[in-house]
Amino acid sequence: MKKVLLSFTFLLIFFTSSFACTNLLVGKHASTDGSTMVTYSADSYALFGELYHWPAATYPKGTMLEVYEWDTGKFLGSIPQAQQTYNVVGNMNEHQLCIGETTFTGRGELSDSTGIMDYGSLIYITLQRAKNARDAIQTIASLVESHGYYSSGESFSIVDKNEVWVMELIGKGPGRKGAVWVAQRIPDDCISAHANQARIQQFPLKDKDNCIYSKDVISFAREKGYFKGKDADFSFAKAYAPLDFGALRFCEARVWSFFNRYNKDAAQWLDYVKGNNLNLEPMPLYIRPDRKLSAKDLMDMMRDHYEGTELDMTLDVGAGPFASPMRFAPLKWEVDSVTYCNERPIGTQQTGFTFVGQMRSHLPDIIGGVLWFGMDDATFTVYTPMYACMTSIPECYRVGNGNLYEFSWTSSFWIHNWVANMAYPRYSQMIQDIKPVQDILEESFQVIQVSVENQALKLMEDDEEKAVAMLTNYSIDQAQRAFDTWKKLGEKLMVKYVDGIVRKEQNGVFERNAHGNPSNPIREGYPEQHYRKIVEGSGEKFKVTN
C-alpha cells in the first residue's frame, strides 16, 4: 500500500508550553456583518510561525497516511487516508470550516501513550475531511475512537459559516482506546472563549440540536470516581479538569478579560479569576455582548494585557520604566520561599502564529472564508487577509523559510520578532510608532475587502478558477506589503531609538540641522516615576552635591 507522509514530518513543530493558546468565538448574530468568527494564538517558545497548506487531493483506496505528533514530530502510526481531501490554508478549509484549540491537560492518568491521534493531527486531518462543524465533531470523535487519542485534555473551537461550537475531549488512559467528550453549540447572538482550562460545565443532555457528547462521558466519570450524583448535575470541567489557582489566574482570567470588555456585567467574575477561592461559581461558557463585534475588534482583543482592569500588566513594578506588558517566563517564581506569579495575558511574546478566522454564509465559500493571519506576538503583528481558497502561500509565510535556529530576513516570523524584541524594553515609547502603522495596514485591508470580493464575484460568473487565482495573488501581495512595511518600521525604530536616545521627527521625517546634518537627539532618560523609585531604593547614593 502506498504511504502518504503528513506534512508534520518536515514542520517539526514543538508545543510544550503548559499555559498556551487562546481562542475567542463570536456567533453570527453577535458580529457586525453576520460573520461567524474565531481567533487562535498558537503560543509556544518552541513553535516557529508558518502558514501551512494542504491542497485538495484524491487518493487510491488503500492509501495510508502517516501521523506525526504536532508537538514533537514523533511518528505515532498510520491510518487510512481519505479518498478525497479538501484544500486547507492554515486552520481553515475551502468550505469555510475553521478549527482552533487550547490544551487544558486535565487528569494526567487519562493520557494514552499508545494512541495515534494527537490534538494537532486531529485539527489538520479533520480540516482535510470535513465540510462543516457538525461533520468535524463526528470526524474527530471517529478518529480517536478508531485510532486512539495520544494527547492530554483539549478544547477545540469548531466553527463553520453558520455555527460556532466548543468541543472538549480527554482520553481514557492506557489500554482504553478512544476518548470522552462533549460538544456544545454557542448561541448565534453570543460570544465565548477558552484558554487552557475546560469550560463546559453542566450541559443539556436532551438538546441534540445544540449539544453532542460521547455515550460514556458521564458513566466513565462515575467509573473512575470523578463524579457522583444525578446526570443532570454532571460537569465535564469539574470531572475531568478540576480547577486550581493556575487554571483560574492564568487561564480563566483571559476569558474574563474578553467578556469584561464586551459585557458590563462581567466585572462580577473578577474575584473568581483571581484564583484565591476555588469554591466560587464559575463563569458561564458564553455570554451576550453589549454590542456586536467586528474582525478588527477581535484583532485588538488578541493584543490584550488586561489594560484598564485590576490586572493591568502595564502598571505594576514588573512593567519597568516604560510600562511593558511583557514578562519573562516562567509564570511562577519564588522569593524567600514564597511563591508569586506573573499575569498570563492573551497577547504574549511566545506566540508562533495567530489568526482571526472569519466565515460568511452570504458569500460563496471561495470568497467567504478569510484567515486574518499574523506571526509572533499579536501585540506587534499585522493581521493580513489569507483567503481559504488559496492555491499557494506567500514567501514570507512559507514553511521552510527560516526556523527557530536560522534567522531569515525574508521570514515574517523573524521580522515581527525583531520589531517586538526591540519594543519590549521601551514599550511606552515604541508602541506610539508601531500602533499607527499596524492600524493603517489592518484598516486598509478592511476598506479594500469589499471591492476585492466584488471583483472575485464577477470573475466567478465566467470562471471560478480565475477568481481563485485572483484571491490567491491578492493574499500573497498583501502579505508581502505587510512584510515590507514592517521591515521598514523596524529599520526606523532602530534609527530613532538607538543607544537610548530619541531622534526628532517632523511629519514622519527625521530632523536635520541648518547644515543638513542630523539634529541633536532628545536624551529623554526615564519617566519621573522610575527616577522616584531609584531614589526610594538608594537614598542619597546618587545625590549630586556641589
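Our subject is the structure that appears above.
(A) Up close: the overall build of the protein chain. Looking only at helices and strands, one finds 13 helices and 24 strands in the protein chain. Here the C-alpha radius of gyration of the protein chain, 24 Å, is about what a compact globule of 546 residues would show, namely 24 Å. Looking at the protein chain residue by residue over its 546 residues, the buried ones come to 58%. In the protein chain, once contacts between residues fewer than 6 apart in sequence are set aside, the share between residues at least 24 apart is 73%. As displayed, the protein chain offers around 23,300 Å² of accessible surface, 51% of which is attributable to carbon and sulfur atoms. Charge centroids of the protein chain, computed over 55 positive and 66 negative side chains, lie 1 Å from each other.

(B) Looking closely at the side chain of Ser-412. Here Ser-412 lies in helix 10 (residues 412-423). Accessibility expressed as a relative area gives 4% for Ser-412, which makes it buried. In this structure, Ser-412 is in contact with Met-375, Cys-396, Tyr-397 and Phe-483, ignoring residues within four places of it in sequence.

(C) Layout of unusual backbone geometry. With omega at 5°, the peptide bond leading from Ala-329 into Pro-330 counts as cis. Structurally, the position occupied by Pro-330 is in the loop between helix 8 (295-301) and strand 18 (332-335). Backbone geometry at Asn-196 places phi at a positive 75°, although glycine is not the residue there. Given a relative accessible area of 4%, Asn-196 falls into the buried group. The phi dihedral of Asn-507 is positive, around 55°, even though this residue is not glycine. Classification of Asn-507 as exposed rests on a relative accessible area of 82%.

(D) The arrangement of the packing of helix 11 (residues 427-462) against helix 12 (residues 464-497) in detail. One way to put it is that helix 11 packs onto helix 12 with a least axis distance of 10 Å and a crossing angle of 170°. As the angle between them shows, helix 11 and helix 12 are arranged roughly antiparallel. Residue composition of the contact of helix 11 with helix 12, grouped by class: 19 nonpolar, six polar and seven charged.

(E) Region of interest: the sheet that holds strand 22 (residues 384-387). Strand order in the open sheet formed by seven strands is 17-15-2-3-20-21-22, with antiparallel pairing between adjacent strands. Each having just a single partner strand, strand 17 (286-287) and strand 22 make up the two edges of the open sheet. Here strand 20 (residues 351-359) pairs with strand 21 (residues 370-375) via six bridges, running antiparallel. Of the residues in strand 21, the one forming a bridge with Gly-357 is Leu-371.

(F) Looking closely at helix 12. For helix 12, which comprises 34 residues, the first-to-last C-alpha distance of 49 Å matches the rise-based estimate of 50 Å (1.5 Å per residue) to within 8%. The N-terminus of helix 12 is capped by Asp-463, whose side-chain oxygen sits 2.9 Å from the backbone nitrogen of Glu-465. Looking one or two places after helix 12, you find Asp-499, whose phi comes out positive at around 60°.

(G) Looking closely at the environment of Gly-106. Along the chain, the position of Gly-106 falls in the loop between strand 11 (98-105) and helix 2 (119-129). The class for Gly-106 is partly exposed, based on a relative accessible area of 24%. Sequence separation between Gly-106 and Cys-21 is 85 residues, and the spatial gap between their C-alpha atoms is 16 Å. The residues contacting Gly-106, other than those within four sequence positions of it, are Ile-170, Tyr-240 and Ala-241.

(H) The nonpolar core, seen in detail. If you look at the biggest cluster of nonpolar residues, it comprises 162 residues, and the most contacted ones within it are Ile-158, Phe-234, Tyr-240, Phe-258, Phe-353 and Ile-434. A per-element tally of this core places helix 12 first, with 12 residues.

(I) Structural detail: helix 3 (residues 133-147). Over its 15 residues, helix 3 runs 21 Å from end to end, which matches the ideal 21 Å to within 8%, given 1.5 Å per residue. Taken residue by residue, helix 3 has Ala-133, Ala-136, Ile-137, Thr-139, Ile-140, Ala-141, Leu-143, Val-144 and His-147 as its buried positions. For helix 3, the N-terminal cap is Asn-132; the gap from its side-chain oxygen to the backbone nitrogen of Arg-134 is 3.2 Å. Backbone geometry just after helix 3 places Gly-148 at a positive phi near 85°.

(J) Summary view of the pattern of salt bridges. Enumeration according to the criterion identifies 29 salt bridges in this entry. Among the salt bridges present, the one from Asp-433 reaches Lys-492, with a minimum N-O distance of 3.8 Å. Taken together, the positions of Asp-433 in helix 11 and Lys-492 in helix 12 put the pair 59 residues apart, joining distant regions of the chain. Note on Asp-433: relative accessible area 10%, which makes it buried. Classification of Lys-492 by relative accessible area gives partly exposed; the value is 26%. Glu-528 is paired through a salt bridge with Arg-532; the nearest N and O atoms lie 2.8 Å apart. Note that Glu-528 and Arg-532 are positioned in helix 13 (residues 528-538) at a spacing of four residues, about one turn of the helix. This pair shows no difference in class: Glu-528 is exposed, exactly as Arg-532 is. Each of Lys-296, Asp-300, Arg-303, Lys-435, Asp-439 and Glu-442 takes part in salt bridges that share partners, so that together they form one network.

(K) Looking closely at the packing of helix 10 against helix 11. Put simply, helix 10 and helix 11 touch, their axes get as near as 8 Å, and they point 140° apart. Relative to helix 11, the element helix 10 is oriented oblique. Taking contact as the criterion, the partners of Val-419, Met-422 and Ala-423 in helix 10 are, on helix 11, Tyr-427, Met-430 and Ile-434. When the residues that make up the contact of helix 10 with helix 11 are grouped by side-chain class, the tally is six nonpolar, no polar and no charged.

Definitions and limits used
- Residues numbered from 1 in each chain as written.
- Predicted model: local features only at pLDDT ≥ 70, side-chain atom pairs only at ≥ 80, totals over all residues.
- Heavy atoms only, no water.
- Helix = DSSP H or I, 4+ residues; strand = E, 2+ residues; numbered from the N terminus.
- Rg over C-alpha atoms; globule rule 2.2 N^0.38 Å.
- Buried < 20%, exposed > 50% of the residue type's maximum accessible area, 1.4 Å probe, protein only.
- Contact = heavy atoms within 4.5 Å.
- Areas by Shrake-Rupley, 256 points an atom, 1.4 Å probe, with all protein chains shown as cover.
- Lys, Arg positive; Asp, Glu negative; His and termini not counted.
- Charge placed at Lys NZ, Arg CZ, Asp CG, Glu CD.
- Axes fitted to C-alpha atoms, helices over the stretch in contact; angles between N-to-C directions.
- Parallel < 35°, antiparallel > 145°, perpendicular 65-115°, else oblique.
- Nonpolar A, V, L, I, M, F, W, Y, C, P; charged D, E, K, R; others polar.
- Pairing = 2+ DSSP bridges.
- Expected span 1.5 Å × (residues − 1).
- Polar contact = N/O pair within 3.5 Å; in protein donor to acceptor, adjacent residues only side chain to side chain.
- Core = buried A, V, L, I, M, F, W, Y, C linked by side-chain atoms within 4.5 Å.
- Salt bridge = Lys/Arg side-chain N within 4 Å of Asp/Glu carboxyl O.

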